[in-house]
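Here is how the chains run, residue by residue.
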Amino acid sequence: MNKKLFVLLVVLMSLSLLGIIFVQVYWIRTSINDKEEQFSRTVTDILDKVASRVEKREMKEYSDRLASLADSIGKPKSTQYKNFLFVDRDLNSDEILFYSHGILEEDYNITSAFFDISQGGEDTTTIKNFTSKRTKAVFKEEYGLDGKSYSLTPIQRAEKIGGLSSIDKAAWEDVFMEAAKTRPIHKRVSKQELELLLSQELSNRNINTDYEYGVYSQGYPTKIRSRKFKFSGSKMYKAPIFKDSEGVSNFSLLLTFPSMKKYIFSSVMGMALLSLVFTLVIVLAYSSAIYQLIKQKRISEIKSDFINNMTHEFKTPIATINLAVEAIRNPKSIEDKEKVLRYLGMIRDENKRMHAQVENVLRISKLEKNQLDISKDRVNMHDIVTDAIAHIDLIVQDRGGYVNAHLDAERADVLANEMHMTNVIVNILDNAVKYSPETPKIDVYTEVAKNSIIIKVQDQGAGMSKAVLKKVFEKFYREHTGDIHNVKGHGLGLAYVKRIIDDHQGEVYAESEKGKGSTFYIKLPLI
């Protein structure tokens, strides 16, 4: 994939993901704000309803007390005045309609003690009741047979006594409200009543959270409040209570919810969590996709490097074999048996070299598919290290270097495959030689740590950067050097080392610094 296209794809996917996350966060915040607004409307309605129920209860108590006192007094003094009369005669039916509407005044002679008002001097308070009396009568005119006698025969009569009108009711309520103002607030409403009404209304609206309430008079607290109520700057709901006829009140019913935010957030928690889970799945899927893309891109680059390295590795032996074959075909050379044998030896050596490289690739492939049968026996790691040093000793000496062994471990027996373990040590030593630009200087140490033996291979070569050190055990990985192939190989040696050590339940790791050499550690469990 083109690098620019890859970057563009990653940027577009990232922007899309950020857009999805932004939409989810915006939706959650909007839902919380909507829930809070709905909660506020509901609580305000509850407060108005509770205040109204308290006011109606107080008015009913006064009305009941008035009715009770009126009944105990007996028949009141009554006077009728403002009697309106209407008479109508129907000539067709000889009927006469009489309709009258009078107003009755009833004096109960109830003192001011009814309103709990302490007054000095003479008590002049009276309570009077006004009712309406409606009378309807229909008479029929009748004459005798002689045409002289005359009489009115009643054929319909109805009488109705009842309240006056809503105006009279409003007047009574106004009198009641003015009288009730003089009573202290704790005698007009109790904490128990408020708690009961508030609990009922909140329960009816499915609001199940703790609340605190209080009644304040013009900003000052009264005795009617819950134990933990505080007049603070937090969200507080307010409604007037005990309003007069003009809708003005000196008292306010306040309500707060200490856990309101938690309650509102819990109401959208289900959908919010579901949304977050889906968003997290998308993020994980996106991260995995990006990781796979980067991995595939890196594998593609490693594959290209591997092909280039493998081509370079095969190019030299093939060229050498071709030159040797051409030399043998030369009539002058074919008669010289010594030259022929030398050319045949070169062909054999280069063939072995290519065969070893192919075997290395196949061996890694079998290890990954668990098709490589590795039998383990009791072996001594000191013997393995000595044997591995012998394999590269001549190469090191030829370059004027050295390999020193410091086998200080008191115990060295492990359960391992001798051939593969030898190859492991040889590969690490071979790396130390290849990546020593000048004279190879290698030291091999062994020591015991608890129940494990540690083999340490230390060189003074080129070293590795931290980025290279993280990937040095990956298959086909080699430090990128462009088109310069100054170090032969194809990135399989250390990958093979890691797979074999892992198969032996061991650990392998490295420490390195650019320009100061590298140290490889192999840790294996002792028998």
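Residues numbered from 1 in each chain as written. Predicted model: local features only at pLDDT ≥ 70, side-chain atom pairs only at ≥ 80, totals over all residues. Heavy atoms only, no water.

**Q** Just give me the short version of the side chain of T279, but keep the residues and values in it.
**A** Considering the arrangement of structural elements, one finds T279 in helix α6 (residues 269-329). Judged by relative accessible area, which is 9%, T279 ranks as buried. Residues contacting T279, with those up to four places away along its chain left out, are I21 and Q24. (Helix = DSSP H or I, 4+ residues; strand = E, 2+ residues; numbered from the N terminus. Buried < 20%, exposed > 50% of the residue type's maximum accessible area, 1.4 Å probe, protein only. Contact = heavy atoms within 4.5 Å.)

**Q** Summarise the packing of aromatic side chains; cite the residues concerned and give the values.
**A** Under the defined criterion, the tally for this structure stands at eight aromatic pairs. Through successive ring pairs, a cluster of aromatic residues spans F39, Y237, F257 and Y263. When the ring centre of Y445 is taken as origin, the NZ or CZ atom of K456, which lies over that ring, is 4.9 Å away. (Phe/Tyr/Trp six-rings, centres within 6.5 Å; stacked < 30°, edge-to-face > 60°. Lys NZ or Arg CZ within 6 Å of the ring centre and 35° of its normal.)

**Q** Account for the sheet that holds strand β7 (residues 236-241), with residues named and values stated.
**A** Strand order across the open sheet formed by four strands is β6-β5-β8-β7, with antiparallel pairing between neighbours. Only two strands of the sheet have a single neighbouring strand rather than two, namely β6 (220-225) and β7. Shown here is a sheet whose adjacent strand axes are inclined to one another by a mean of 35 degrees, direction ignored. Pairing analysis gives six bridges linking β7 to strand β8 (residues 251-256), with the strands arranged antiparallel. The residue bridging Y237 from the neighbouring strand is L255, located in β8. Against the sheet, helix α4 (residues 191-204) touches β5 (212-217), β6 and β8, its axis set at about 130 degrees to β5. (Pairing = 2+ DSSP bridges. Axes fitted to C-alpha atoms, helices over the stretch in contact; angles between N-to-C directions.)

**Q** Talk me through the packing of helix α9 (residues 381-398) against helix α10 (residues 418-434); I want residue IDs and the actual numbers.
**A** Geometry of a packed helix pair, given as the angle between the helix axes and the separation of the axes. It is at 9 Å that the axes of α9 and α10 come closest, and there the two elements cross at 40 degrees. Accordingly, the angle class assigned to the pair α9 and α10 is oblique. The handedness of the crossing between α9 and α10 is right-handed. Every residue of α10 that contacts α9 at M381, I384, V385, D387, A388, I389, H391, I392, I395 and V396 is listed here: E418, M421, T422, I425, V426, L429 and V433. (Parallel < 35°, antiparallel > 145°, perpendicular 65-115°, else oblique. Left-handed = near helix turned anticlockwise from the far one by under 90°.)

**Q** Can you explain the packing of α10 against helix α12 (residues 493-503)? Please cite residues and give values.
**A** Interhelical geometry of α10 versus α12 gives an angle of 145 degrees and a closest axis separation of 9 Å. Pair α10 / α12 crosses with left-handed handedness. Here α10 contributes H420, M421, N423, V424, N427, I428 and N431 to the contact with α12, which in turn contributes G493, L494, Y496, V497, I500 and I501. Partitioning the contact of α10 with α12 into residue classes produces eight nonpolar, five polar and no charged. (Nonpolar A, V, L, I, M, F, W, Y, C, P; charged D, E, K, R; others polar.)

**Q** If you had to explain the sheet that holds strand β12 (residues 441-449) to someone new, which residues and values would you point to?
**A** The strands that make up a sheet pair up through hydrogen bonds in the backbone, lying either parallel or antiparallel. Taken in spatial order, the five strands line up as β10-β12-β13-β15-β14 in an open sheet, and their pairing is mixed. In this open sheet, the two edge strands, each paired with only one partner strand, are β10 (402-407) and β14 (507-512). Direction aside, the axes of adjacent strands within the sheet are offset by 15 degrees on average. Where β10 and β12 come together, six bridges link them in parallel fashion. Bridge pairing links N404 to D443 in β12. On the sheet, α9 packs against β10, β12, β13 (452-459) and β15 (518-525) and is oriented at approximately 170 degrees with respect to β10. The sheet strands contacting α10 are β12, β13 and β15, and the helix crosses β15 at an angle near 170 degrees.

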